[in-house]
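# Examining the three-dimensional arrangement
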Amino acid sequence: MELLFVTLGGAIIGLGFGYLLPKHGTYGTLLLPGIGAISAAVLWEAFTWLGWKYSGGWIWVVALVGSGVVAAVVGILVGRTRARGDVELLGRLSKA
């Protein structure tokens, strides 16, 4: 049950970053919530296998903050890459 809650929390954090980061119009609405949910679940399971207890607060902090960091980094990189690619494509198409 905790895995469901932490996955939902990662998706909500990713959704928040999807609207807070610059160039959020260059990628889909569900990209960062999906990345946040997946990274929260992977971090949760990794630390569960390392022996961290569900009732401990640190597993929650690490999984949720980690999913936020991953979602933010992916959002920044994808936004920057897409914007640069769009400018290059426009330049190539304008010359043709």
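Nothing here was measured: the structure is a model prediction, and the numbers come from that model.

## As for the packing of helix H1 (residues 2–20) against helix H3 (residues 57–95)
Contact geometry of H1 with H3 gives a least axis separation of 9 Å together with a crossing angle of 35 degrees. H3 is crossed by H1, and the crossing has right-handed handedness. Contacts between H1 and H3 pair Glu2, Phe5, Val6, Gly9, Gly10, Ile13, Gly14 and Phe17 from the former with Trp60, Ala63, Leu64, Ser67, Gly68, Ala71 and Ala72 from the latter. Counted by class, the contact of H1 with H3 contains nine nonpolar, five polar and one charged residues.

## Topic: the confidence of the model for the protein chain
Should the pLDDT be low somewhere, the predicted coordinates at that spot are not to be read in detail. Averaged over all residues, the pLDDT of the protein chain is 94; the fraction at 70 or higher stands at 99%. At the low end of the mean pLDDT range in the protein chain sits H3, at 94; at the high end sits helix H2 (residues 31–49), at 97.

## So, H1
In this model H1 runs 27 Å from its N-terminal to its C-terminal C-alpha over 19 residues, within 8% of the 27 Å that 1.5 Å per residue would give. Those residues of H1 that fall on the buried side of the exposure criterion are Val6, Gly10, Ala11, Gly14 and Gly18. For H1, the buried positions fall inside an angular range of 140 degrees around the axis, keeping them on one side. Facing away from the buried side of H1 by more than 90 degrees, the exposed set consists of Ile12, Tyr19 and Leu20. The inward-facing, buried residues of H1 abut H2 and H3.

Calculation rules
Residues numbered from 1 in each chain as written. Predicted model: local features only at pLDDT ≥ 70, side-chain atom pairs only at ≥ 80, totals over all residues. Heavy atoms only, no water. Axes fitted to C-alpha atoms, helices over the stretch in contact; angles between N-to-C directions. Helix = DSSP H or I, 4+ residues; strand = E, 2+ residues; numbered from the N terminus. Left-handed = near helix turned anticlockwise from the far one by under 90°. Contact = heavy atoms within 4.5 Å. Nonpolar A, V, L, I, M, F, W, Y, C, P; charged D, E, K, R; others polar. pLDDT = per-residue confidence, 0-100. Expected span 1.5 Å × (residues − 1). Buried < 20%, exposed > 50% of the residue type's maximum accessible area, 1.4 Å probe, protein only. Arc of directions from axis to C-beta.

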